Amino acid sequence: MMYSWNVACEAMRVMPPLQGTFREAINDFTYAGFFVPKGWKLYWSVYSTHIDHEYFLDLEKFDPTRFEGDGLAPHTCVPFGGGPWMCPGKEYTRLKILVFMHNIVRVFKWERVLPEEMIIANPMPIPENGLPVRLVPHHLGYDVLSSIRSFRARKS
Ligand code: HEM
């Protein structure tokens, strides 16, 4: 489960579902030589945060192991935002993604019907044609399904 979540986090690092959101400056401040007056609206970008060379080695590489061990520095991978306004749906989403991966990805081999399908921004990144797939149970899938069925049969 830990590795599955690392895979999900790496997918959201490379292609954040939400590209960013807004804040309001509560005080005057200067950042990187730019003066920002109190009250200005600021856009913070999830995607730019995820491709910061200072924190991500080999950032073009899809590498779930970067989340292992001590993981990443705080607030460097922020698909759900951070701080007091962080996404309240994060834990629900984690559960949904892990249940989905466990039941669908582990049991079936996925074949893309349109291997060249593009990802478009609308404004969220989504597969252009809705990602049609062919699900093929692999032999592990049959084992898992039959053990679920026999478990249910024993319970009833
Ligand atoms: C992959 C799924 C999701 C991603 C990547 C995501 C990402 C985000 C991000 C980046 C923010 C802005 C955080 C900030 O301003 O610092 C946010 C806010 C929010 N999200 Fe999510 N979210 C996801 C799923 C959900 C779900 C499933 C729910 C509800 C069941 C939800 C409810 C909210 C709400 C209500 C806010 C506004 C929070 C506030 O401004 O106080 N999100 N989300």
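The model shown is predicted, which means the values in this text are computed figures rather than measured ones.

Asks: Before we move on, can you summarise the overall build of the protein chain with the specific residues and values?
Replies: When helices and strands are tallied, the protein chain shows four helices and eight strands. Seen in sequence order, the protein chain has helices and strands lined up from the N terminus as α-β-β-β-β-α-α-β-β-β-β-α. Computed over the C-alpha atoms, the radius of gyration of the protein chain is 20 Å, more than 25% above the 15 Å expected from 2.2 N^0.38 for a compact globule of 156 residues. Overall, the protein chain is about 65 × 35 × 30 Å in size when its C-alpha atoms are taken along their principal axes. With 156 residues in all, the protein chain has 6% of them scored as buried. A separation of at least 24 residues holds for 54% of the contacts in the protein chain among residues at least 6 apart in sequence.

Asks: How would you summarise the packing of helix H1 (residues 2–14) against helix H3 (residues 90–105) if you had to cite specific residues and measurements?
Replies: Think of two packed helices as two axes; the pair is described by the angle between the axes and how far apart they sit. At their nearest, the axes of H1 and H3 sit 10 Å apart, and the two run at 110° to each other. Classified by the interaxial angle, the pair formed by H1 and H3 is roughly perpendicular. Between H1 and H3 lies a crossing of right-handed hand. For the pair H1 and H3, contact is made by Ser4, Trp5 and Ala8 and by Arg94, Ile97, Leu98 and Met101, respectively. Partitioned by chemical class, the residues of the contact of H1 with H3 number five nonpolar, one polar and one charged.

Asks: Give me the lowdown on the site of the ligand, citing residues and values where you can.
Replies: Surrounding the ligand, one finds 15 residues, the nearest of these being Pro17, Gly81, Trp85, Cys87 and Gly89. When grouped by side-chain class, the residues that make up the shell around the ligand number ten nonpolar, five polar and no charged.

Criteria and thresholds
Residues numbered from 1 in each chain as written. Predicted model: local features only at pLDDT ≥ 70, side-chain atom pairs only at ≥ 80, totals over all residues. Helix = DSSP H or I, 4+ residues; strand = E, 2+ residues; numbered from the N terminus. Rg over C-alpha atoms; globule rule 2.2 N^0.38 Å. Buried ≥ 20, exposed ≤ 12 C-beta atoms within 10 Å, placed from the backbone. Contact = placed C-beta atoms within 7 Å. Axes fitted to C-alpha atoms, helices over the stretch in contact; angles between N-to-C directions. Parallel < 35°, antiparallel > 145°, perpendicular 65-115°, else oblique. Left-handed = near helix turned anticlockwise from the far one by under 90°. Nonpolar A, V, L, I, M, F, W, Y, C, P; charged D, E, K, R; others polar. Near = placed C-beta within 6 Å.

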